[in-house]
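# Structural description and commentary
Residue-level listing of the chains:
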Amino acid sequence: MTVITAIRSAFGFLTRLPVGPWPLQNDLNGISAWLPLVGIVVGGLVGGLTFISSLLVPPLLCGVIGCACWVAVTGGLHLDGVADCGDGLPVEVTRERRLEIMKDSRLGTFGGTALFFNLAFKAAALTVLAASGSWLLLLTACILAGLLARSQIFIAMRFPGARPGGMGEAFRQGTRPVHALIAAAVTLGACVLAGWSGLYALGAALAASLALLLYARRRLGGVTGDVFGCTVECTEWIVLLTFCTAL
């Protein structure tokens, strides 16, 4: 896979940006190397649109617009993971039954509640950041949210899979150690450039993702693609909220 093809595959798989059709529908090999770039672009687009909106409409609408942009750019790819984890992880049933519930396409009460609060936290944080009047703070928060969220996938891949096959397993098999090193270097560098707020966001992201992943391993015996997606979504709004505390 060439570099250009890998980049197109990464954006074609993880976003709805107009990069053309996803070139290799059944091959995730190599695209994890470009996860940091995807996160930076997604966060940059959301932050930019939210700031432009702040020049035209009240902060509350800016938050809603920014949150809607996040869903549109990613195609809501990871929201399914939030809903499935919300439905399956908390229930007191067997491990096998939890996995069945998470594979079920129907949305349950817990899953719907998890989706609501996930989007509410994200919109609320964007509202606060838009109201701050600092375009630099808003853009930095969104870019780091996108970057840190996708970097957590490399941590998730260190956990055993809960079921054979599936998108999570395919993604793990297509990842090389050098991809994780690149992601770690880019992520750490970006957080250092952002100052104490960036390092604070890094610590919060790591703590939250590890807590979720350890909980998933205890409940499922490992992680799934849904857990990957839920980790991305939760990390995004947690990072945004950490920047809100800096105001």
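Let me sum up the structure you'll find in this document. Values in this document were obtained by computation on a predicted structure and should not be read as measured data.

Quick look at the overall build of the chain now. Assigned secondary structure in the chain consists of 11 helices and 0 strands. Secondary structure of the chain in N-to-C order comes out as α-α-α-α-α-α-α-α-α-α-α. What you see for the chain is a C-alpha radius of gyration of 17 Å, in line with the 18 Å of a compact globule of 247 residues. Relative to its 247 residues, the chain shows a buried fraction of 48%. Contacts spanning at least 24 positions in sequence make up 75% of the contacts within the chain whose residues lie at least 6 apart. Accessible area of the chain: about 11,200 Å², with a carbon and sulfur share of 70%. Across the chain, the 16 positively charged side chains and the 12 negatively charged ones have centroids separated by 5 Å.

Moving on: the nonpolar core. Nonpolar side chains in soluble globular proteins tend to be buried together. Residues Trp-70, Leu-129, Leu-148, Val-227, Val-239, Leu-240 and Phe-243 are the most contacted members of the largest nonpolar core, which totals 60 residues. Broken down by element, this core gets its largest block of residues, 12 residues, from helix H7 (residues 135–156). Setting aside anything within four residues of it in sequence, one finds Phe-243 in contact with Leu-129, Leu-137, Thr-140, Ala-141, Leu-144, Ser-197, Gly-198 and Ala-201.

Another aspect to go through is the environment of Leu-212. With respect to the helices, strands and loops of the structure, Leu-212 is situated in helix H10 (residues 196–220). For Leu-212, a relative accessible area of 16% puts it in the buried group. Sequence spacing of Leu-212 and Cys-230 is 18 residues, and the spatial spacing of their C-alpha atoms is 8.7 Å.

What follows is about the pattern of salt bridges. Using the criterion set out here, one finds 7 salt bridges in the structure. Between Lys-122 and Glu-236 there is a salt bridge; the shortest N-O distance is 2.6 Å. Pair noted here: Lys-122 is in helix H6 (residues 109–131) and Glu-236 is in helix H11 (residues 225–244), with a separation of 114 residues, a long-range link. With respect to class, Lys-122 is no different from Glu-236; both count as buried. Each of Lys-122, Arg-150, Glu-233 and Glu-236 takes part in salt bridges that share partners, so that together they form one network.

With that settled, consider empty space enclosed by the protein. If you walk through the whole model with that rule in mind, you get 1 cavity of 30 Å³ or more. Approximately 40 Å³ is the volume found for the largest cavity. Around the largest cavity, the lining residues are Cys-67, Trp-70, Val-71, Thr-74, Gly-76, Leu-79, Leu-119, Lys-122 and Glu-233. Put simply, the parts of the chain that give the lining of the largest cavity at least two residues each are helix H3 (59–74) and H6. Ranked by residue count, the leading element in the lining of the largest cavity is H3, at 4 residues. For the lining of the largest cavity, the per-class residue count stands at 5 nonpolar, 2 polar and 2 charged.

With that settled, consider the layout of surface pockets. In this structure, the second largest pocket spans a volume of roughly 200 Å³. Around the second largest pocket, the lining residues are Leu-148, Ser-151, Gln-152, Phe-154, Ile-155, Ala-180, Ala-183, Ala-184, Thr-187, Leu-188, Leu-202 and Leu-206. Of all the elements in the fold, those that place two or more residues in the lining of the second largest pocket are H7, helix H9 (177–193) and H10. Here the residues of the lining of the second largest pocket sort into 9 nonpolar, 3 polar and no charged.

Bringing the packing of helix H4 (residues 79–88) against H11 into the picture now. Between H4 and H11, the least distance of the axes is 7 Å, while the angle of their chain directions is 110°. Of the possible angle classes, the one that applies to H4 and H11 is roughly perpendicular. Residues Leu-79, Asp-80, Gly-81, Val-82, Asp-84 and Cys-85 of H4 touch H11, and the partners they reach there are Asp-226, Val-227, Cys-230 and Glu-233. Among the residues making up the contact of H4 with H11, the classes are represented as 5 nonpolar, 1 polar and 4 charged.

The rules behind each value
- Residues numbered from 1 in each chain as written.
- Predicted model: local features only at pLDDT ≥ 70, side-chain atom pairs only at ≥ 80, totals over all residues.
- Heavy atoms only, no water.
- Helix = DSSP H or I, 4+ residues; strand = E, 2+ residues; numbered from the N terminus.
- Rg over C-alpha atoms; globule rule 2.2 N^0.38 Å.
- Buried < 20%, exposed > 50% of the residue type's maximum accessible area, 1.4 Å probe, protein only.
- Contact = heavy atoms within 4.5 Å.
- Areas by Shrake-Rupley, 256 points an atom, 1.4 Å probe, with all protein chains shown as cover.
- Lys, Arg positive; Asp, Glu negative; His and termini not counted.
- Charge placed at Lys NZ, Arg CZ, Asp CG, Glu CD.
- Core = buried A, V, L, I, M, F, W, Y, C linked by side-chain atoms within 4.5 Å.
- Salt bridge = Lys/Arg side-chain N within 4 Å of Asp/Glu carboxyl O.
- 1 Å grid on protein atoms, 1.4 Å probe; cavity = no way out; pocket = protein on both sides within 12 Å on 5 of 7 lines; lining within 4 Å.
- Points joined across faces, edges and corners; volume = space filled by probe spheres on them.
- Nonpolar A, V, L, I, M, F, W, Y, C, P; charged D, E, K, R; others polar.
- Axes fitted to C-alpha atoms, helices over the stretch in contact; angles between N-to-C directions.
- Parallel < 35°, antiparallel > 145°, perpendicular 65-115°, else oblique.

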